[in-house]
Each structure stands twice: as C-alpha cells, then as structure tokens.
Amino acid sequence: MLHSSSERILCVGLICFDNISVCDKFPAEGKKNGVTGMNWQKAGNAANTSAVLSMLGNIVDFFGVLPKRKKATFQNNAVDFIKQEMKSYGVNMEKVVERPDATLSCSSVIIGQDNDSRTILHHPVGSELDYEDFAELDLSQYTWVHFEGRNDKEVAKMIDHVVDYNKENTGIHSPIAISVELEDPTKTRRLLSLLPHADLVVVSQDFATSYGRDSATSAVKAIKLHTKPGKTIDNTGIIPKQIVCAWGSCGAASGTSGVIGHVITTPAFAPDCVVDTLGAGDTFIGGLIHALVHRASLLSAVNFACRVAGHKVGSYGYDCLRDFTRNESRTKQSRTFVMASC
C-alpha cells in the first residue's frame, strides 16, 4: 500500500465490535429464522473512517479506547479481532489507549436483503477518551485531525488544544486542519458547540433531521450559521470552513461558511445492487477527507466521496475498497478529482 510521506491523519473517536447476520428478510417474531451469512466486523465511526482513509493510501493513526487484556473472555477475543482487522487495513493502532476498567461497545446487526434494511441492536457501554489522553499526543506529525462528535465537553477541549498548537507554531508547522462529524441525534444542541473552530463539518442525515432539516441542502444552510467565516489558511491548499451533508441515495450537499446561499448538490453514485449500507457514511467521510488532504476542491472532494461510498454499498464490508483504489489508480479521474456535474 502506497502512502504519502508528508501527510499523516489522526482519527479520534469510537471503536467497537459488530456481529452481523444477513437474512433474506427481517426475522419474524417468535420463529426460528435462518441466515444467509454471519460475520464479525470492527465498527465505530472513527475506526471505519480510519480504515477507509488508509485503504485509499493515507498514513492514518486511530486514537480511541480499548479494554486492556485481563483474562480469557469473549471481550478479549473481540478486541484481538478488532486489532487484527485494523492492522489488515493498514491503520496504525499504537496510539490507542488501553484501560483495565474499559469496556467494549458491541452491536448485533441484522441486514435484510429483501429491502436493503439494517437493524442495529447497540450496547453503548464503550469507554470514551479524556482530554488528558489527547494532550499527550505529539501533534507535530499530523496535517489533519478528524473528530467524531461524541463526548462533546472532552472533544471541545481537544479541538481547542489543536487550535492553540496552530497558534503557537505559526510559521514553524503548517496549520493542522480540523474536521468534525455530527451524527448523534440525541446531542444536537451540545454538538453544535464543537463547530466554531472546525475547518470541515460533516453532518449526517439523522443529525440534520433531529435539527429540523428535511434535506441535505437545508442542513448545510443551517450549519453554516454556526461555523467561522471561510478563508484559506496560508498556502497549504487546505480550504477550511466547509460544511457537507450526505443524504443517502439523494447524494450530498456542500457549502462554504460566509458565502450566502452558496450550496451545491452532488448526486449519489448508486451501484447496480445495494448490498450493505453499514458504514456508508463513514466511508463517505473517509473519501471526503482523502480528497481534501490531496488538495481537491470541495465540490470535487464531495464527488469523490459519493463515488467511494457508492462503491462500498455494492458489497459487504470494506475489502471492496481495495478494488476501488486499484481501479481509480488506472484513471485520470483519481489523480485530478474531476469536478462533478451538478
């Protein structure tokens, strides 16, 4: 796997474990139901985005919490599986915080093939990062830090720490770009507090709906009001203060803070057959950050992200992205991030 020697990305957030069952249709209550497939998979928004970024050719560190091994338990087996899968995708796990008292967040996922449904039974007891964990990192090695919007108070401190680092190292180190994902619909108002210093804000459909928005375009227009005015940071090519909202099969919308009414839509790139939408949003974010890190325009980056996500939902899991990167490397489009036709 080829990596750029000058760009290193840090993804901060959750890593967990999924037990996935694939069924012809959603199981009937009170009856024995067969499955057509069953597998384990690492999960967590930031973990998935890390894997996608690495498979697209970036150097990526994942930063999250995992339980420290104690004795032979299922949790140990699940943690070992997660670490091995992340390693297979080329993600560096050396920065992971291991705690003796930590717990692993797990989900049971049921995929219904008849209507492309996915039902997630989540046990959200996973341990969260503290600001003190983040403060120990050497930020000088990173050009981009992506935050999964979760424990908002601690993440806000982490973002402020990156902002302070950028100020203290002006002229010494190129500014680190900051991206934030807003997904959790139960924390709508609290997560908006993360936006003042974000260079890129990615809004999920669930979050936008909980915020009273009924389309990607209306969501981008609303979130623009909470972000700092748009301008270019020195000559690094990073264009900050961008807002993007993906809306499934409807594609995505994007805009720049401070530019009134300027919201552009990009169509989705649907596969011939939708197979697995689990992690599609995380894949979209990985494609988006990858393109922006490599100096694509916002519109080109959103177009690329839609294509990566569209490719992913046509297959189970993430291994299909290896085919995507091989195919992309053969085209001029992957090298220039050609503008979308919208």
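A. Region of interest: the overall build of the chain. The secondary structure content of the chain amounts to 11 helices and 14 strands. Per-residue burial over the chain gives 53% buried out of 342 residues. Partitioning the contacts of the chain with sequence separation of at least 6, the portion at a separation of at least 24 is 70%. For the chain, the exposed area adds up to about 15,600 Å²; of that, 52% sits on carbon and sulfur atoms.

B. View of the pairing of strand 9 (residues 144–148). Counting buried residues in strand 9 gives 5 out of 5 residues, a clear majority hidden from the surface. The sheet contact formed by strand 1 (residues 8–12) and strand 9 spans 4 bridges and is parallel. Note on strand 9: the bridge partner recorded for Cys11 is His146. Pairing of strand 9 with strand 10 (residues 177–182), which is carried by 5 bridges, proceeds in the parallel orientation. Directly across from Trp144, in strand 10, lies its bridge partner Ala177. Handedness of the crossover joining strand 9 and strand 10 through helix 4 (residues 152–168): right-handed.

C. Spotlight on the side chain of Ser105. Position of Ser105 among the secondary structure elements: in the loop between strand 6 (97–99) and strand 7 (106–112). A residue is classified by how much of its surface remains accessible, and Ser105, at 2% relative accessible area, is buried. Separated by 3.2 Å, the side chains of Ser105 and His122 make a polar contact. From its side chain, Ser105 meets the backbone oxygen of His123 in a polar contact 3.3 Å long.

D. Looking closely at the sheet that holds strand 10. The 8 strands lie next to each other as 4-1-9-10-11-12-13-14, forming an open sheet whose pairing is mixed. Edge strands, defined here as strands with exactly one partner in the open sheet, are strand 4 (59–63) and strand 14 (263–266). If you compare each strand with its neighbour and ignore which way they point, the axes differ by 20° on average. Relative to strand 13 (residues 252–256), strand 12 (residues 242–246) runs antiparallel, the two sharing 5 bridges.

E. Representation of unusual backbone geometry. In this structure, Arg295 is a non-glycine residue whose phi angle is positive, near 70°. Tracing the backbone through its elements, the reader meets Arg295 in the loop between helix 8 (280–293) and helix 9 (298–312).

F. Geometry of the packing of helix 1 (residues 45–55) against helix 8. Closest axis-to-axis distance for the helix 1/helix 8 pair is 8 Å, and the angle between their directions is 50°. Here helix 1 is positioned oblique relative to helix 8, judged by the angle of their axes. Note on packing geometry: the crossing formed by helix 1 with helix 8 is right-handed. When helix 1 is examined against helix 8, the residues Asn45, Asn48, Thr49, Val52 and Leu53 are found in contact with a partner set consisting of Asp282, Thr283, Ile285, Gly286, Gly287, Ile289 and His290.

G. A look at the packing of helix 8 against helix 9. Two elements in contact, helix 8 and helix 9, have axes separated by 7 Å at closest approach and are oriented at 145°. Like other packed secondary-structure pairs, helix 8 and helix 9 cross with a definite hand, here right-handed. Here Ala280, Thr283, Phe284, Gly287, Leu288, His290, Ala291 and Leu292 of helix 8 come into contact with helix 9, specifically with Leu298, Ala301, Val302, Phe304, Ala305, Cys306, Val308, Ala309 and Lys312. A breakdown of the residues in the contact of helix 8 with helix 9 according to their chemical character gives 13 nonpolar, 3 polar and 1 charged.

H. Spotlight on the pattern of salt bridges. Within this structure, the stated rule accounts for 12 salt bridges. The closest approach of N and O atoms between Arg99 and Asp130, which form a salt bridge, is 3.4 Å. Of the two residues, Arg99 is situated in strand 6 and Asp130 in the loop between strand 8 (117–123) and helix 3 (131–135); the sequence distance between them amounts to 31 residues. Between Arg322 and Asp319 there is a salt bridge, with the nearest N and O atoms lying 3.6 Å from each other. According to the relative accessible area criterion, Asp319 is partly exposed, its value standing at 44%. Counted as one network, the salt bridges with shared partners bring together Arg8, Asp61 and Lys95.

I. Local environment of the pairing of strand 11 (residues 200–203). Both faces of strand 11 are covered, namely the face carrying Leu200 and Val202 and the face carrying Val201 and Val203. Bridge count between strand 10 and strand 11: 4 bridges; the pairing is parallel. Considered in strand 11, the bridge of Ser179 is made with Leu200. Summarising the sheet, strand 11 and strand 12 pair through 4 bridges and their orientation is parallel. Across the sheet, residue Leu200 finds its bridge partner in strand 12, namely Gln242.

J. Up close: helix 2 (residues 74–88). The terminal C-alpha atoms of helix 2 lie 21 Å apart, and with 15 residues this matches the ideal 21 Å at 1.5 Å per residue to within 8%. Along helix 2, the residues classified as buried are Asn76, Ala78, Val79, Ile82, Glu85 and Met86. In the core, the buried residues of helix 2 are packed alongside strand 2 (16–23), strand 3 (37–43), helix 1, strand 4 and strand 5 (65–67). Note on helix 2: the residue one or two positions beyond its end, Gly90, has a positive phi of about 85°.

K. Expanded view of the packing of aromatic side chains. This structure, assessed with the given rule, holds 6 aromatic pairs. With 5.7 Å between their ring centres and 90° between their planes, Trp40 and Phe81 make a pair best called edge-to-face. Here the residue Trp40 occupies a position in strand 3, and Phe81 occupies one in helix 2, the gap between them amounting to 41 residues. Looking at Trp40, the relative accessible area reads 36%, which means it is partly exposed.

Parameters at a glance
One numbering rule holds for all chains: residues counted from 1, following each sequence as written. Thresholds applied to this predicted model are a pLDDT of at least 70 for local features of residues and 80 or more for the giving and counting of side-chain atom pairs; totals over whole chains, interfaces and linings are not thresholded and use all residues. The basis for the side-chain values is all heavy atoms of the structure; hydrogens and waters are excluded. Numbering of helices and strands starts at the N terminus; helices are DSSP runs of H or I of at least 4 residues and strands are runs of E of at least 2. Each residue is placed in one exposure class: buried if its accessible area under a 1.4 Å probe, protein chains only, is under 20% of its type's maximum, exposed if it is over 50%, and partly exposed if it falls in between. Residue contacts are defined here by distance: any two heavy atoms, one from each residue, within 4.5 Å place the two residues in contact. Exposure was quantified through the Shrake-Rupley algorithm and a 1.4 Å probe, taking into account, for residues, occlusion by the shown protein chains and nothing else. Being paired, for any two strands, means DSSP has found at least two bridges between them. We call a crossover right-handed when, viewed with the strands running away from us, the connection from the first strand over the helix to the second turns clockwise. Counting of polar contacts relies on pairs of N or O atoms within 3.5 Å, with two restrictions inside protein: one atom must be capable of donating a hydrogen and the other of accepting it, and residues adjacent in sequence are counted only when both atoms are side-chain atoms. Lines fitted to C-alpha atoms define the axes here, with helix axes fitted over just the stretch in contact, and angles between the N-to-C directions of these axes take values from 0 to 180 degrees. Angle categories: roughly parallel below 35 degrees, roughly antiparallel above 145, roughly perpendicular from 65 to 115, and oblique for all the rest. Left-handed describes a crossing whose near helix is turned anticlockwise from the far helix through less than a right angle; right-handed describes the clockwise counterpart. Basically, the charged four are Asp, Glu, Lys and Arg, the nonpolar ten are Ala, Val, Leu, Ile, Met, Phe, Trp, Tyr, Cys and Pro, and anything else, Gly included, counts as polar. Only one rule defines a salt bridge in this text: a Lys or Arg side-chain nitrogen within 4 Å of an Asp or Glu carboxyl oxygen. One fewer than the residue count of a helix, multiplied by 1.5 Å, yields its expected span. Any two of the Phe, Tyr and Trp rings considered here, Trp counted by its six-membered ring, make a pair once their centres fall within 6.5 Å; the pair's planes then place it as stacked at under 30 degrees, edge-to-face at over 60, or tilted in between.

None of the figures reported here should be taken as evidence of function without further support.
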